[in-house]
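Observations on the three-dimensional arrangement
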Amino acid sequence: MSAPAVLEPIAAAEPSSLPGRQRNWKPVVWSLPPMLVVLFIAVYPIIRVLAESTVTPTGRGTSVWSQVLGSESFRDALWRTVFIAVSSVAGCLVLGTFLAIVLAFVPFPGSQVVGRLIDTVLTLPSFLITLAFTFLYGTAGAVNALISRVTGNNEPVLNFLSTPLGVILAEITFFTPFVVRPLLAAFAQLPREQLDVAASLGASPWRVLRQVVLPEAWPALAAGGSLVLLLTLNEFGIVLFTGAKGVITLPALIYTRGIVTFDLPGAAVLASVQVLLSLTLYIGYRLIFARFTARKEN
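Bear in mind that the values here come from a model prediction, so they are computed numbers and not experimental data. (Residues numbered from 1 in each chain as written. Predicted model: local features only at pLDDT ≥ 70, side-chain atom pairs only at ≥ 80, totals over all residues. Heavy atoms only, no water.)

With that settled, consider the packing of aromatic side chains. The full count for this structure, using the stated rule, is 7 aromatic pairs. Here the aromatic rings of phenylalanine 105 and phenylalanine 187 are separated by 5.1 Å at their centres, their planes lie at 55°, and the arrangement is tilted. Taken as a pair, phenylalanine 105 in helix H3 (residues 72–105) and phenylalanine 187 in helix H8 (residues 177–188) lie far apart in primary sequence, 82 residues in all. Assessed through its relative accessible area of 23%, phenylalanine 105 is described here as partly exposed. Residue classification places phenylalanine 187 among the buried positions, given a relative accessible area of 3%. With a centroid separation of 4.9 Å and an interplanar angle of 85°, the aromatic rings of phenylalanine 174 and phenylalanine 175 are classed as edge-to-face. By relative accessible area, phenylalanine 174 is classed as buried at 8%. What links up through ring pairs into an aromatic cluster is the set Phe174, Phe175 and Phe178. (Phe/Tyr/Trp six-rings, centres within 6.5 Å; stacked < 30°, edge-to-face > 60°. Helix = DSSP H or I, 4+ residues; strand = E, 2+ residues; numbered from the N terminus. Buried < 20%, exposed > 50% of the residue type's maximum accessible area, 1.4 Å probe, protein only.)

If you want it as structure tokens, here you go:
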């Protein structure tokens, strides 16, 4: 066979490969609009905040970063933010685990209604919880009014809403469903045969809970706790409505610097710290979730 005859099929096949090459560009073209939207909505504000934090206003001899990070207000706000977040996560884990175990393994009339009510909390804005706390436990709330009527003392007995304790209790109330829901999903996948076998071998309910149920729930517990930690570190509505001026966290301090005193460079520095802290926790959350998922699959 001659060389031209051999090359003819190859030459004939080359044009047919062009449409394939053209089709390969379609996913790229379709992905450009959402990428541009994400860049404009999420990436650009972060870059703008980071750029604003590098601006040194006139009259300040030192860097804004050194001034803000070296201030006592920043250290107090950072410590208070971490303390409230960790305390809230601990409370959510304890209360959420208890509620999930009761709803999953202790049948009682109305359990489905309680589960639906817990899901409803996820759809509500956080400030509604703080308003409910104010109506119940405020200085002029229903609980103080009832105590005053019983004891005859006109002074409010409960006055904790403007303290870190009030913020922690409000956050536990609002964020506990974020722990309950993953745990209920994990308990639903637990084979009932394992529980029956453990009970038939004479294991007590506490031992079954400790050795059978909780080991299966660790991935959901870690994922829910990490998510709650991320949310509580960035919570502003509950702190604003409940803590008011008595509790200053990083989000509240950012609001004060940027809106009240109009110190945009200082607010940008605080926002940059908040973003870095949130991204670090989010990466840790994803790593923990991926590790537990891989372990479960293996």
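After presenting the structure, the write-up continues.
By size, the foremost hydrophobic cluster in this structure holds 37 residues, and its most contacted members are Leu183 and Phe187. Of all the secondary-structure elements, those providing two or more residues to this core are H3, helix H4 (111–121), helix H5 (126–137), helix H7 (164–175), H8, helix H10 (205–233) and helix H11 (237–243). Here this core gets 8 residues from one element, more than from any other, and that element is H10. Excluding residues that lie within four positions of it along the chain, leucine 183 makes contacts with Gly96, Thr97, Ala100, Ala217, Ala220 and Leu221. Core analysis: the second largest hydrophobic core is formed by 11 residues, Val64, Leu250, Val269 and Val273 among them. (Core = buried A, V, L, I, M, F, W, Y, C linked by side-chain atoms within 4.5 Å. Contact = heavy atoms within 4.5 Å.)

With that settled, the discussion passes to H4. Buried within H4 are the following residues: Ser111, Gly115, Ile118 and Val121. Here the buried residues of H4 occupy an arc of 110° about the axis, which is enough to place them on one side. Of the exposed residues in H4, the ones pointing more than 90 degrees away from its buried face are Gln112, Val113, Arg116 and Leu117. Residues of H4 that are buried in the fold lie against H3, H7 and H8. (Arc of directions from axis to C-beta.)

What follows covers the packing of H3 against H7. For the pair H3 and H7, interaxial distance at closest approach is 9 Å and the crossing angle is 45°. Our classification of the angle between H3 and H7 gives oblique. The element H3 and its partner H7 pack so that their crossing is right-handed. Contacts between H3 and H7 involve Phe83, Ile84, Ser87, Ser88, Gly91, Cys92 and Leu95 on the former and, on the latter, Pro164, Val167, Ile168, Glu171, Ile172 and Phe175. Of the residues in the contact of H3 with H7, the class split is 9 nonpolar, 3 polar and 1 charged. (Axes fitted to C-alpha atoms, helices over the stretch in contact; angles between N-to-C directions. Parallel < 35°, antiparallel > 145°, perpendicular 65-115°, else oblique. Left-handed = near helix turned anticlockwise from the far one by under 90°. Nonpolar A, V, L, I, M, F, W, Y, C, P; charged D, E, K, R; others polar.)

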